[in-house]
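# Residue-level structural notes
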Amino acid sequence: MTSKLHWVAFILAALTFSIAFSLQPDQHKVLLISFDGFRWDYLYRVPTPHFHYVMKYGVHVKQVTNIFITKTYPNHYTLVTGLFAENHGIVANDMFDPILNKSFSLDHMNIYDSEFWEGATPIWITNQKAGHTSGAAMWPGTDVKIHQSFPSHYMLYNESVSFEERVAKIIEWFTSEEPINLGLLYWEEPDDMGHRLGPDSPLMGPVISDIDKKLGYLIQMLKKAKLWNTLNIIITSDHGMTQCSEERVIELDQYLDKDHYILIDQSPVAAILPKEGKFDEVYEALAHAHPNLTVYKKEEIPERWHYKYNNRVQPIIAVADEGWYILQNKSDGLMLGNHGYDNALAEMHPIFLAHGPAFRKNFTKEAMNSTDLYPLICHLLNITAMPHNGSLGHVQDLLSSTAPRAIPHTQSTTLLHGGVKPRENEQEESYAYFIGVSLGSIVVIVFFIVFIKHLIRSQIPALSDMQAEIAQPLLQA
Ligand SMILES: *[C@@H]1O[C@H](CO)[C@@H](O)[C@H](O)[C@H]1NC(C)=O
Ligand SMILES: *[C@@H]1O[C@H](CO)[C@@H](O)[C@H](O)[C@H]1NC(C)=O
Ligand SMILES: *[C@@H]1O[C@H](CO)[C@@H](O)[C@H](O)[C@H]1NC(C)=O
Ligand SMILES: *[C@@H]1O[C@H](CO)[C@@H](O)[C@H](O)[C@H]1NC(C)=O
Ligand SMILES: *[C@@H]1O[C@H](CO)[C@@H](O)[C@H](O)[C@H]1NC(C)=O
Ligand SMILES: *[C@@H]1O[C@H](CO)[C@@H](O)[C@H](O)[C@H]1NC(C)=O
Ligand SMILES: *[C@@H]1O[C@H](CO)[C@@H](O)[C@H](O)[C@H]1NC(C)=O
Ligand SMILES: *[C@@H]1O[C@H](CO)[C@@H](O)[C@H](O)[C@H]1NC(C)=O
Ligand SMILES: [Zn+2]
């Protein structure tokens, strides 16, 4: 009798397992979210229950080394290309390309000049070339025509469009008749307020709380659309933020003649283009001007920044120490928070969390490079990555398929190992789904059992004893 039970249990387990496995939702969908300027440790400044919810049921990387310079456009382009700034060509928010004889500036429409972006091919294009569909809600660069393409769906950049409207678009695209497999969602905060208030301001608390509420809203909407358990969601940022002060200003006018150079990019990495014949004069005047300013000729820029081999890196760059501000003239005015500094500084580092069928649960990793995100997403989308500077191997431990058990995420495994009960709302949908599948299987099994009943009378193969160990908890569950 017990061996018969084992046999039944074995078939039930095997069948349930295979059905649950074959009906498993498509695991190849990714939603990438950037909250601009979300420093890695903002998570601990005020209660951030929604971020912690994602961490508990997903993965968290504590220190993400982003790329130099730690500015918005360079880093967002790295996240979607896996390339260093010198390789993707978006070397700053403000650039001049001497070959193209053109400028690029965040504050002007010339960010729409395709030529600046075409040193690389962003992931949405590669995804589309592989026959898939991408959708972007204001991710930097996604409304620019690059290599003759736009994302399949995108929104023209308009900072007045609310977070809720952006989320609604993303959900619409993921649930449409021809759903996207890659979504990109961008939000300007907490960067804006971080610049204005300075990250040390107590007023940053409510700003961070508000982002947590926005994440809560996103989770709620994804659950409502039945996407929460099927999408792989990655929440990250481009850079952190550090406190600045009027007491820490380096005023270029004190050292340089304004007529001898053009200031292409300002602070904290001044990109200096000396006028014809003025290179030595400018360099000498600045080289030892201020103890908190390190001045490099282009060829002297440290290799570790991967910030040398591009036409758009100017002949002289002057890098301020953390918290120091470069101004041409003090009357120019400064912001109380800034970023752009050395990417080795912890305060420049962004958050990184992920959740979904492909990711482990409640897993914390110490460190990664932001260039590794691109091969990771390509892997999740099952598309071939373009040449890049990251490494999938360095982040593969975030994935559930490399976890100790071979298929740890399938719901049937959860049951087979007994005890693991769905907590909070996390597993609600997939749990119900599993129950449905199980009940269906039981009906099939009952008929099946009636047929084979006589065949298994005496000779239960040794196999059944082997499986008994796994099968028994299932009967008890
Ligand atoms: C670069 O463009 C400017 C106008 O933007 C023009 O005056 C100048 O002659 C151009 N230089 C070269 C070398 O073409
Ligand atoms: C930007 O969005 C706001 C709010 O939706 C809208 O009122 C405004 O017309 C938009 N601006 C442009 C240029 O589309
Ligand atoms: C800064 O600008 C003001 C007003 O334009 C000017 O009077 C002052 O001389 C400038 N400072 C320096 C150091 O050049
Ligand atoms: C600024 O320079 C002084 C003098 O060299 C140094 O003691 C200080 O640590 C520097 N500040 C930063 C933030 O590196
Ligand atoms: C998450 O992992 C930590 C240790 O890494 C453990 O203390 C905690 O109980 C785990 N939480 C859950 C919900 O499994
Ligand atoms: C980041 O990349 C560098 C250079 O490839 C490598 O040496 C380092 O181990 C990487 N860091 C992590 C945490 O993977
Ligand atoms: C991944 O893509 C290849 C084609 O590039 C396809 O043959 C394969 O079945 C896909 N794998 C999965 C798991 O979808
Ligand atoms: C980064 O990747 C690009 C493209 O493969 C390559 O040309 C470049 O040499 C790489 N940089 C480094 C430092 O490996
Ligand atoms: Zn930014």
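Look above for the structure.
Residues numbered from 1 in each chain as written. Chains lettered and ligands numbered in written order. Predicted model: local features only at pLDDT ≥ 70, side-chain atom pairs only at ≥ 80, totals over all residues. Heavy atoms only, no water.

### A short note on the site of ligand 6
The following threshold applies: Any residue with at least one heavy atom within 4 Å of a molecule or strand is counted as near it. Between N or O atoms, a polar contact is any pair within 3.5 Å; within protein, one atom must be a potential hydrogen donor and the other a potential acceptor, and residues adjacent in sequence are included only when both atoms are from side chains. Methods summary: accessible areas were calculated by the Shrake-Rupley approach with a probe of 1.4 Å, and residue burial reflects only the protein chains presented. Residues are sorted three ways: Asp, Glu, Lys and Arg are charged, Ala, Val, Leu, Ile, Met, Phe, Trp, Tyr, Cys and Pro are nonpolar, and all the rest, Gly among them, are polar.
Close to ligand 6 lie A367, M368, N369 and H394. Take N369: an N or O atom from its side chain is 2.3 Å from an oxygen atom of ligand 6. About the coverage of ligand 6: the protein hides 41% of its 360 Å² of free accessible area. Its residues assigned to classes, the shell around ligand 6 comprises two nonpolar, two polar and no charged.

### Some words on the pairing of strand β11 (residues 261-265)
How we decide: Accessible area is worked out with a 1.4 Å probe on protein chains only. A residue is then buried under 20% of its type maximum, exposed over 50%, and partly exposed in between. Strands here mean DSSP runs of E at least two residues long; helices mean DSSP runs of H or I at least four residues long; both are numbered from the N terminus. Here, strands pair whenever DSSP counts at least two bridges between them.
Counting buried positions along β11 yields four of five residues, so the element is predominantly enclosed. Looking at chain direction, β11 and strand β12 (residues 269-274) are connected through four bridges and run antiparallel. Bridge assignment links D265 to a residue of β12, and that residue is A271. The antiparallel hairpin formed by β11 and β12 contains three residues in its connecting segment.

### Comments concerning the coordination of the zinc ion (ligand 9)
Just so we agree on the cut-off: Coordination here is defined by N, O and S atoms within 2.8 Å of the metal (3.2 Å for Na, K and Ca), and since water is not considered, a site can look incomplete.
Protein-derived coordination of the zinc ion (ligand 9) comes from D36 (OD), D36 (OD), T72 (OG1), D238 (OD) and H239 (NE2), at a distance range of 1.9 to 2.7 Å. Read in sequence order, the donor residues for the zinc ion (ligand 9) give the motif D-x35-T-x165-D-H. Exposure remark for D238: the relative accessible area of 0% places this residue in the buried category. A residue is classified by how much of its surface remains accessible, and H239, at 0% relative accessible area, is buried.

### Remarks on the nonpolar core
Under the convention used in this document: Nonpolar core, defined: a set of buried Ala, Val, Leu, Ile, Met, Phe, Trp, Tyr and Cys residues in which side-chain atoms within 4.5 Å join the residues together. Domain extents, as shown, originate in an automatic or database domain assignment. Residue contacts are counted whenever heavy atoms from the two residues lie within 4.5 Å of one another.
Counting residues in hydrophobic clusters, the biggest one holds 60 residues, and the most contacted among them are I234, Y307 and F352. Broken down by element, the residue count for this core peaks at seven residues, all from helix α10 (residues 373-381). Two domains share this core, each providing at least three of its residues, namely domain 2 (29-83 + 120-243 + 344-404) and domain 3 (249-338). Apart from residues lying up to four places away in sequence, Y307 is in contact with F68, I69, A85, E86, V91, A92, I301, V313 and I317. Membership of the second largest hydrophobic core comes to 42 residues, among which are I33, F174, L185 and M204.

### What about the sheet that holds strand β13 (residues 293-297)?
Strand-to-strand pairing in sheets goes through backbone hydrogen bonds, with the strands running parallel or antiparallel. Let me state the cut-off plainly: Fitted lines through C-alpha atoms serve as axes, helices being fitted only where they are in contact, and the angles separating the N-to-C directions of these axes extend from 0 to 180 degrees.
The strand order across the open sheet built from four strands is β11-β12-β14-β13, with neighbouring strands paired in antiparallel fashion. Every interior strand has two partners, whereas the edge strands, β11 and β13, have only one. With strand direction ignored, the average angle separating the axes of adjacent strands in the sheet is 25°. Sheet topology places β12 next to strand β14 (residues 316-320); four bridges connect them, and they run antiparallel. Of the residues in β14, the one forming a bridge with I272 is I316. Sitting on the sheet, helix α9 (residues 279-287) is in contact with β11, β12, β13 and β14, with an inclination near 155° to β13.

### Section: the packing of aromatic side chains
Using the following cut-off: Any pair of Phe, Tyr and Trp rings, taking the six-membered ring for Trp, is counted once the centres come within 6.5 Å. Such a pair is stacked with planes under 30 degrees apart, edge-to-face with planes over 60 apart, and tilted for the rest. Two conditions define a charge located above a ring, namely a distance within 6 Å from the ring centre to NZ of Lys or CZ of Arg, and an angle within 35 degrees of the ring normal.
Applying the stated criterion across every chain yields a total of 17 aromatic pairs. On the numbers, 4.9 Å between centres and 40° between planes, the contact of F38 with F51 is tilted. Taken as a pair, F38 in the loop between β1 (30-35) and α2 (49-56) and F51 in helix α2 lie far apart in primary sequence, 13 residues in all. Across this residue pair, the class does not change: F38 and F51 are buried. Pairing F104 with F116 gives two aromatic rings, centres 5.2 Å apart and planes at 55°, and the pair type is tilted. Taken as a pair, F104 in strand β4 (residues 102-105) and F116 in the loop between β4 and α5 (123-129) lie far apart in primary sequence, 12 residues in all. Look at F116 and you get buried, because its relative accessible area is 0%. Seen from the ring of Y283, K297 lies directly overhead, with NZ or CZ sitting 4.7 Å from the centre. One Lys or Arg, R360, reaches over the ring of F363 and ends 3.9 Å from the middle of that ring.

### Regarding the site of ligand 2
Around ligand 2 lies a shell formed by N158, S160 and V161. Separating an oxygen atom of ligand 2 from a side-chain N or O atom of N158 is a distance of 2.3 Å. Expressed as a share of its isolated accessible area of 360 Å², the protein-covered part of ligand 2 is 29%.

### Describing the packing of helix α6 (residues 163-174) against helix α8 (residues 204-224)
Note the following rule: The scheme is simple: roughly parallel for angles under 35 degrees, roughly antiparallel for over 145, roughly perpendicular for 65 to 115, oblique for anything else. By convention the crossing between two helices is left-handed if the near helix lies anticlockwise of the far one by an angle smaller than a right angle, and right-handed if it lies clockwise.
Two elements in contact, α6 and α8, have axes separated by 11 Å at closest approach and are oriented at 30°. Relative to α8, α6 is oriented roughly parallel. The element α6 and its partner α8 pack so that their crossing is right-handed. Mapping the contact onto sequence places F163, E164, V167 and I171 in α6 and K214, Y217, L218, M221 and L222 in α8. Looking at the contact of α6 with α8, its residues break down into seven nonpolar, no polar and two charged.

### Overview of the side chain of E189
Using the following cut-off: In this tally, Asp and Glu contribute negative charge and Lys and Arg positive charge; neither His nor the terminal groups of the chain are included. Salt bridges are defined as contacts in which a side-chain nitrogen from Lys or Arg sits within 4 Å of a carboxyl oxygen from Asp or Glu.
With respect to the element layout, E189 can be found in the loop between β7 (182-187) and α7 (191-197). Of the side chains with opposite charge, R196 comes closest to the buried, unpaired E189, at an N-O distance of 5.5 Å. Within polar-contact distance, the side chain of E189 engages the backbone nitrogen of M193 at 3.0 Å. Beyond its immediate chain neighbours, meaning those up to four positions away, E189 contacts F35, D36, V207 and I211.

### Comments concerning the pattern of salt bridges
A complete count under the given rule lists 14 salt bridges for this structure. Put simply, K169 and E172 hold a salt bridge, and the shortest N to O gap is 3.9 Å. One end of the pair is K169 and the other is E172, both in helix α6 and three residues apart, which spans about a single turn. By relative accessible area, K169 is classed as partly exposed at 30%. D342 is paired through a salt bridge with R304; the nearest N and O atoms lie 2.7 Å apart. With D342 in the loop between β16 (337-338) and β17 (352-355) and R304 in the loop between β13 and β14, this residue pair connects regions lying 38 residues apart in the sequence. The partly exposed category is assigned to R304, whose relative accessible area is 47%.

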